[in-house]
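# Fold and contact review
These are the residues of each chain, in order.
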Amino acid sequence: MLDNKYDHRKVEADQYDKWVEKGYFKAGDKSKKPYAMVIPPPNVTGKLHLGHSWDNTLQDIITRYKRMCGYDTLYLPGMDHAGIATQAKVDQRLKQQGISRYDIGREAFLKQAWAWKEEYAGFIREQWASMGLGLDYSRERFTLDEGLSKAVRKTFVTLYKEGLIYQGERIINWDPQAKTALSNIEVIYKPTKGYMYHFYYDVVETGQKLEVATTRPETMFGDVCVVVNPKDDRYKDVVGLHVINPANGDKLPIITDEYIDIEFGTGVMKCTPAHDPNDFIIGEKYGFEKPVCINPDATMNSLAGEYAGLDRYACRDKLVERIKNEGHLAFIEEIEHNVGYSERTDVVVEPYLSKQWFVKMKPLAEDVLKHQNDPETKINFYPERFEKTFIQWLENIEDWCISRQLWWGHRIPVWYHKETGEIYCEMEDPQDKENYVQDEDVLDTWFSSALWPFSTLGWPEKTADFERYYPTDCLVTGYDIIFFWVARMAFQARHLTDNRPFKDVLIHGLIRDEQGRKMSKSLGNGVDPRDVKEKYGADALRFFLTTNSTPGADLRYSDTKMEASWNFINKIYNASRFVLMNLADFRYEDIDLTYLNNIDSWIINKFNKTLNSINKNMEKYEFALVGNELYGFIWDDFCNWYIELAKTTLNSEDEKAVQATKSTLLVILTAILKMLHPFMPFVTEKIYAETPRNCAALCISEWPKEILLKEDKSAEVDLLIAIITAVRSIRVDYNLKPSQQFDIAITNDKDEYLTVDMTMNNMLQKLCKVNWTILSGSDLIIRPLKEGKLVVDAAQIVDYHAELLKLSKEKEKLVNEINRGEKMLSNENFVKKAPQEKITAEKEKLENYKKQYEIVVQQLAEVEKKIK
C-alpha cells in the first residue's frame, strides 16, 4: 500500500539496486531492434555537478522510452581519466603528505592515481544510482582500461603510419603550473587589465630611436630582430640597419615583412620566435634562431642574465624599471586585452616553443565535412543551428597538439633507439626493449575520449557489441564542448570506422542561477545536486532539468520551479492513492471498457490526443513540450476533472458502469505512469507496484498505445466542464456560498436555448448546486462557453454596482490580451520561429478573447442601463 503522504526519501530508497539486480537494464535481446547510447564519461576528479545530472537524465529519458517502445536498449556507463585534472588532485594529496610525485617516482605515482580513480569512481556510481540511471553495468568502461588503451594505441599507430601524426617544434600553449602543453581549445581567453610598454630601440648606424611596443617585456631576451612593412616610407632609410635591444644590449637586424600593419601602433614590431606564434612564422620564414628565455615553470632562464630564476612577472617589473632608468622607456599605456588562461589551472598560459606531437587535422576535418552533405551519413544536430557551429570550426581547424607533459594518461606509444635515435611505433613494444627509451609524455585526454562511442563497444576488434550497436543512436552533451568532444569523435569515427559515431546529437545549454549568471566558486552560486535530491528528490530534479528549457537553451536553476516539480509529483501520488483505494479487490483481468459512459470516453479521448503529441515530441527530443503536455493532461484533465466527475459513477448502483469507470481509472493511471516513467522513474515504479498489472516492473513494460473508442462524445463532457467552470466563476465573482442554489440556462451560438439534458443536470446538481432550466427575462448574467453562453437570472445573485466594476476590469483585461495577441501574431520573427502548434494556439486564444470582449461590452451596456 502507498503511504498516506508522499515522502521522496522513502519512495526512492532501495528501488535502484533491485532494478540492477534483476537485470532490467541489461542489453542483448537479439529478438529486438537495437538502440544504443554511451554516457558522456564524467572525469574521476570529484563529484558530479548539475550539468552531469542534466546530460545523464536526458539520455536516461531517451533510453527508458526506447526500452518501453520495444528496443533492445543499451545505455553504456563509463568514466574518463581526465589527465591534467586528476594528476593535479593527486599532486595536491601528495603535497598534503609532505611529498611530491618526483619523490616517489612514476610507477608509485600511478598507483596513487589508480587508487584515487577507484575511490572517486565509487562516488560517481552512487550518484548515477541516486539519479536512477538505467545503465548496463556489465559493460562499464574507463578510458584507461585495457581495451580502451588498445584502441588508443591502434589509433596512434595508424595515424602515425599514415603521416597524420607528426612530431615538430611549434609554438604551443604552455601551462606553467601543470607544466604541460594545452590544445588551443583548452585555453580560455578573458578580458584582463594590463599594460602596453613602449620602448626605444636605438639604431646603431644612425642613432635614431625606433619606438617598439610590447605587453610582455620579459620576452625581449628572446628577440632576434625588429620588423617593419616594406611599404612604410617612415622606415625605408633604416631597413637593413641594426638596433640595440634595451633588455640585453644585443644588436638586432631591421627587416621587412608585409605581415606588419602600417596603421597599428608605430608600425615597428619586435620578433620573438620562441614566445609568439606569429613571430615564430617570421622566424621560420627568414631563418632566425628561436632562443627560449623562459623556463617551463615560468621563471626566467640564463638568457635573462641578472634576472635568471625570477618569476616572469617579477622579471618584467625589474626590467621595465631598469630600462626606464636608462632612458629607453617612452611611456606605459594602461589597456584591457584578451589574455589566455589554462582551462584546468586558471593560470596565464605562456606561448612556448616546444617539441610536441601533433595530429594533422585538415584531411580528417574535410572527410567529416564531405559526409555532412549526405543525409544518410551526416550527424544530425538538435537544434539544427549547432551544425553551423560544428562546420565552421572544422572549416577553420588547426593542427591538434596531442602530447601532454604528465604521468597520468596513455603514454605515447613511441620508442627512441638509445644510440641511433630511430623511432619505433607499433602495436607491440620493441623486442629489444633495453635498447630503447619510451617517450615520457602522455596523450591529451580528449584523444581517448574521441574514440568513446566505438572503443567502448570493443573496437578495434569487431566484437558482437560493436557489430550490433555501432554507430550509436544519440549523444547528449552541452554546446560548450562541441569543439572539445563532438568534433573529435566525428573525425576519429569517420577515419577509423568509416562511419559516424552517432546518428543524432542533442545539444543542451548551461545551467545558470536564477539571475542568469554562470555558476562559479567565486560567485558562490553553485548548486550541489546531492542537496537538491535530499530536499526535493531525484524525480523532481529530473523533471525540472528536462522540462524547463528547449534544446540548446540555457536553464536557470530555481527553487520555486523545483518546488513546483515536487508538488506535481505529490499531486500524482495523491491521485494514485484515490484510484487504488477505489480498486480494492479489482484485478487486471477485470478490465472491461465495454460500457463506457461519456466521462470515461472523454478522458480516453484526451489521453489519445496527449499520447499522439507526446510520441511525436519524444522522437524530436522536445522534452519541454512533452512535460507541458503531461502536466496539463495529468493535473487538469485527469486529477481535477476526471477523478472528480468519476466519483458520481463510482457511487452509483450500476455495476457495469462502475466496472467501466474502475477499468478506465486503472487504464489511464497505468498509461500516465508509463508516460511519466522516463522522467520520474522512482515514484512511478513505486505506484505501479501497487496497481493491478500485467508486468513485473514498469521500466520493462510496454509504452502505452492509443485506445480505440466506438464513438466520441467528448463535446458533451467539454460542455459539462465549461458549465461547471462558469458556475464556479460566478460564485467567486459574486461571493456566493458553495451551498447557494440557483438556476442556469444554456444557449448555442445563435442564442437559442438548449434542451435540458437530465443526466447532465443531475451531475450539475451534485457537483455545483445548480439547476439547468429555461430562463426568461432581460436581466441576465452571461458567461461565454465555447459555442454558446451560460445564462443566469441576475435577480438571483447580482449587486449591479459591483457588477459594473467587475465588468469594467474584465473589459480592460481583455483589451490588453487582444493587443498582446495581435502584436505577437503580427511579429514576423515569432511567426517564422515559433512551432506551428504555438501559433495555432495563439490564434485560437485571440479569437476567444475577441468573442469574450463582445459579450463583456454587451453586458456593460446592459448593467449601465439598469443602474440608470
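Here's a quick rundown of the structure. (Residues numbered from 1 in each chain as written. Predicted model: local features only at pLDDT ≥ 70, side-chain atom pairs only at ≥ 80, totals over all residues. Heavy atoms only, no water.)

## Regarding the nonpolar core
- Within the largest apolar cluster, 134 residues are counted, with the highest numbers of intra-cluster contacts made by F638, I744, L764 and L790.
- Top element by residues in this core is helix α19 (residues 623-650). It accounts for 13 residues.
- In this structure, L76, L159, L451 and L496 belong to the second largest nonpolar core, which totals 58 residues. (Core = buried A, V, L, I, M, F, W, Y, C linked by side-chain atoms within 4.5 Å. Buried < 20%, exposed > 50% of the residue type's maximum accessible area, 1.4 Å probe, protein only. Helix = DSSP H or I, 4+ residues; strand = E, 2+ residues; numbered from the N terminus.)

## Here we look at unusual backbone geometry
- In this structure, the amide linkage connecting Y382 to the following residue, P383, adopts the cis form with an omega of 0 degrees.
- When you line up the elements, P383 lands in the loop between β15 (380-382) and α10 (385-395).
- Look at A82: it is not a glycine, yet its phi comes out positive at around 50 degrees.
- Overall, A82 belongs to the buried group, its relative accessible area being 3%.
- Unusually for a residue other than glycine, K769 sits at a positive phi of about 55 degrees.
- Checked against the element boundaries, K769 lands in the loop between α23 (758-768) and β27 (770-772).

## A word on the sheet that holds strand β22 (residues 472-478)
- Taken in spatial order, the 3 strands of this open sheet run β15-β23-β22, and their pairing is parallel. Two strands bound the open sheet, and with one partner strand each, they are β15 and β22. Averaged over all adjacent pairs, the angle separating strand axes in this sheet is 20 degrees, with direction ignored.
- As paired strands, β15 and strand β23 (residues 502-508) are joined by 3 bridges and run parallel to one another. Its bridge partner being in β23, N380 is matched across the sheet by D504. (Pairing = 2+ DSSP bridges. Axes fitted to C-alpha atoms, helices over the stretch in contact; angles between N-to-C directions.)

## A closer look at the sheet that holds strand β16 (residues 400-401)
- Overall, antiparallel pairing links the 4 strands, which are arranged β6-β5-β14-β16 in an open sheet. Looking along the sheet, the strands with just one partner apiece sit at the ends: β6 (180-182) and β16.

## A few points about the packing of helix α3 (residues 50-68) against helix α18 (residues 598-619)
- The contact between α3 and α18 brings their axes to 11 Å, and the two run at 125 degrees. When the axes of α3 and α18 are compared, the pair comes out oblique. Crossing geometry of α3 relative to α18 is assigned as left-handed. Residue-level inspection shows I61, Y65 and K66 of α3 in contact with α18, the latter providing N615, M618 and E619.
- Per-class residue counts for the contact of α3 with α18 are 3 nonpolar, 1 polar and 2 charged. (Parallel < 35°, antiparallel > 145°, perpendicular 65-115°, else oblique. Left-handed = near helix turned anticlockwise from the far one by under 90°. Contact = heavy atoms within 4.5 Å. Nonpolar A, V, L, I, M, F, W, Y, C, P; charged D, E, K, R; others polar.)

## Observations concerning the pairing of strand β8 (residues 209-214)
- Residues L210, V212 and T214 point to one face of β8 and are all buried, whereas K209, E211 and A213, pointing to the other face, are not buried.
- Relative to β8, strand β7 (residues 187-203) runs antiparallel, the two being bridged by 6 bridges. When the sheet's bridge partners are listed, D202 is paired in β8 with K209.
- Here β7 hands over to β8 after 5 residues, with G207 in that stretch at a positive phi of 80 degrees.

## Side note on the pairing of strand β29 (residues 788-793)
- Most of β29 sits inside the fold, with 5 of its 6 residues counted as buried.
- Two strands pair when backbone bridges link them, and strand β26 (residues 742-748) and β29 are joined in this way by 4 bridges, in the antiparallel orientation. Within β29, the residue paired with I746 across the bridge is L790.
- By the bridge criterion, 6 bridges tie strand β28 (residues 780-785) to β29 in an arrangement that is antiparallel. Among the inter-strand pairings, R783 is bridged to a residue of β29, identified as L790.
- Linkage of β28 to β29, two consecutive antiparallel strands, is achieved through a turn of 2 residues.

## A closer look at the pattern of salt bridges
- One pass over the structure, following the stated rule, counts 54 salt bridges.
- The salt bridge partner of R512 is D554, with a shortest N-O separation of 2.7 Å. Here the residue R512 occupies a position in strand β24 (residues 511-512), and D554 occupies one in the loop between α16 (538-547) and β25 (555-556), the gap between them amounting to 42 residues.
- Judged by relative accessible area, D554 falls into the partly exposed class, the value being 29%.
- Ionic contacts of the salt-bridge type, sharing partners, join the residues E817, R820, K838, E842 and K845 into one network. (Salt bridge = Lys/Arg side-chain N within 4 Å of Asp/Glu carboxyl O.)

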